[in-house]
Amino acid sequence: ASSPPFSSGRLPGRRGNRCLAQCLNFNKSFVSSGNSVGVFRAGGDGMKFVQTFEDITDQRGGSVVPDQLLLHKGDQSLLMRSDREQNAIFHVDVERPDVVDKWSTGSQVVSQLYQRSKYHQLSGDPTVLGLNAQGTFMIDPRIPGAKNVARQAKYVSRSTSRASAFTCAATTGQGHVILGSESGEIRLYSRNMWDGKGSSTGWTMKTYEDVDHVKSDGGQGGSLRARTRLPGRGSPILAIDVTEDGTLAVCTTKTYLLLIPTVVPETGQTGYDRPMGQQKPVPTKLELGFRHVRQLKGQVSFTPAKFNQSPAGERYIVTSTGNLVITWSFEFKNGRLRVNPNYRTKAYHQTVVADEFRYAHDGEVLVALEQDVTVARKMNASR
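Residues numbered from 1 in each chain as written. Predicted model: local features only at pLDDT ≥ 70, side-chain atom pairs only at ≥ 80, totals over all residues. Heavy atoms only, no water.

Undergrad: Would you take a moment to explain the packing of aromatic side chains for this structure?
TA: What characterises a pair of aromatic rings is the spacing of the ring centres plus the angle enclosed by the ring planes. Scanning the entire structure with this criterion turns up 6 aromatic pairs. Here the aromatic rings of Y316 and F357 are separated by 6.1 Å at their centres, their planes lie at 40°, and the arrangement is tilted. Placement of Y316 in strand β24 (residues 316-321) and of F357 in strand β28 (residues 352-358) is noted, with a sequence separation of 41 residues between them. Stacked on the ring of Y256, the Lys or Arg K285 has its end atom at 4.5 Å from the ring centre. (Phe/Tyr/Trp six-rings, centres within 6.5 Å; stacked < 30°, edge-to-face > 60°. Helix = DSSP H or I, 4+ residues; strand = E, 2+ residues; numbered from the N terminus. Lys NZ or Arg CZ within 6 Å of the ring centre and 35° of its normal.)

Undergrad: Is there a simple way to think about the pattern of salt bridges in this case?
TA: Opposite charge on two side chains permits them to pair, given that their charged atoms come into close proximity. One pass over the structure, following the stated rule, counts 13 salt bridges. With a closest N to O distance of 2.2 Å, E85 and K102 form a salt bridge. Taken as a pair, E85 in strand β7 (residues 85-93) and K102 in strand β8 (residues 96-104) lie far apart in primary sequence, 17 residues in all. A relative accessible area of 27% means that E85 is categorised as partly exposed. With its nearest N and O atoms 2.9 Å apart, the salt bridge here joins R142 to D140. Exposure remark for R142: the relative accessible area of 58% places this residue in the exposed category. You can call D140 buried: its relative accessible area is 7%. If you follow the salt bridges from partner to partner, you end up with E185, R187 and R229 in one network. (Salt bridge = Lys/Arg side-chain N within 4 Å of Asp/Glu carboxyl O. Buried < 20%, exposed > 50% of the residue type's maximum accessible area, 1.4 Å probe, protein only.)

Undergrad: When you look at the sheet that holds strand β19 (residues 239-242) in this model, what are you seeing that I'm missing?
TA: By definition, the strands of a sheet pair up through backbone hydrogen bonds, in either a parallel or an antiparallel sense. Strand order in the open sheet formed by 4 strands is β19-β20-β21-β22, and the pairing between neighbours is antiparallel. Of all the strands in the sheet, just β19 and β22 (284-286) have a single pairing partner and so form its edges. Recorded for the sheet is a direction-independent mean angle of 20° between the axes of neighbouring strands. Pairing of strand β20 (residues 248-252) with strand β21 (residues 257-261), which is carried by 5 bridges, proceeds in the antiparallel orientation. Across the sheet, the residue bridging to L248 is P261, located in β21. (Pairing = 2+ DSSP bridges. Axes fitted to C-alpha atoms, helices over the stretch in contact; angles between N-to-C directions.)

Undergrad: Please explain the environment of A21 as it appears in this structure.
TA: Inspection of the secondary structure assignment puts A21 in strand β1 (residues 17-22). Distance in space between the C-alpha atoms of A21 and D355 is 9.1 Å, their sequence separation being 334 residues. The residues touching A21, leaving out its near neighbours within four places in the chain, are S29, F30, L69 and L71. (Contact = heavy atoms within 4.5 Å.)

Undergrad: What is the right way to look at the side chain of T321 in this model?
TA: Mapping T321 onto the fold places it in strand β24. For T321, a relative accessible area of 1% translates into the label buried. Filtering out sequence-adjacent residues up to four positions away, T321 remains in contact with L288, L296, Q299, V300, S301, F302 and I326.

Undergrad: Whenever I open this one, the pairing of strand β30 (residues 373-376) confuses me. Can you help?
TA: On a regular strand, one side chain projects to one face of the sheet and the next to the other, so that they alternate. Here β30 shows no split at all, with V373 and V375 on one side and T374 and A376 on the other all buried. In this structure, strand β29 (residues 361-369) lies alongside β30, joined through 4 bridges in antiparallel fashion. From the neighbouring strand, V367 faces β30, where its bridge partner is T374. The hairpin turn running from β29 into β30, its antiparallel successor, is 3 residues long.

Undergrad: Explain unusual backbone geometry here, please?
TA: A positive phi angle, near 65°, is found at D75, a position not held by glycine. Considering the arrangement of structural elements, one finds D75 in the loop between β5 (68-72) and β6 (77-82). Of note, the phi angle at A360 is positive, near 65°, even though the residue is not glycine.

Undergrad: What's the story with the environment of G363 in this structure? I'm lost.
TA: Within the element layout of this structure, G363 appears in strand β29. Counting along the chain gives 15 residues from G363 to K378, while the straight-line C-alpha distance between them is 8.0 Å. Dropping the residues within four chain positions of it, G363 is found in contact with A376 and R377.

If you want it as structure tokens, here you go:
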């Protein structure tokens, strides 16, 4: 259902905003609020309201309340994951939002959806990746029944304690996979993880550097190893993002970020291509200064940090906490990382719930507030 344009960028008459996703092919952004999704367009005067996908329901009439949005298949489809129904994904054709398809994932809980590669949403490929605490798996809507492709030797599973459960995932431009965990460890997997030929029940997963017991599905799975395991600092990794070339990762914890090079010195390869062994880097820790921590009354809780998305390469990181949007700038050349300690901020009158750089517009950050949607342009120096 459509609504008249709403110039202020606010989605009226709704509960608080929750999720943000942007098209890369078109100037459109999607913001969820309850079981509705607002569509917005960025412009010189901010975000212009375009329409609303009203009261999204499944085929049985049950409300779909998204906890994650993901653009898919050339930006023609919008995928939604809901904590209320964790064994399914909901698919909406952005041109026909009144039609909602439900993709069952069988016994597989989906805690996060993520792309096959960094900009895979630009392609027409229908597959997408799913993550849960035990592992990651591929989802293909073309197969009948449950859409996870466990029976096509693409499923990856790892028995794990709660402390080391997987919490987040991302992919490089080449499709290499990086997984964060509750324990703070980060694991790097080659894109070849999806090419193995195992039994009909799929692969299991362990690392070269991990001697923990790994249990396969029913004892019938194959064996797949992470190329590199990077130790964290003890805090759970809540979100993770990578540069298109895979040479840098930014990991979000509740109170700080970790910026981690993944290049193996003097080889030109990354930890996805070969084990890093003793050449693992020391992460750069990014955190707020005392003045801003005091301004937030000590209540720091970062939203997922993300790199800018630019054909010229990544040079910035954006995140938020409370009513502040924060950006850091950095330079990474010839294996040397330099981060500008003088991060920039922009304060709002509401809590920020989601933010990311506008695609190919490094000077603009799309910001979803609790009751508004806007564009941050001019940021203030912090220190």
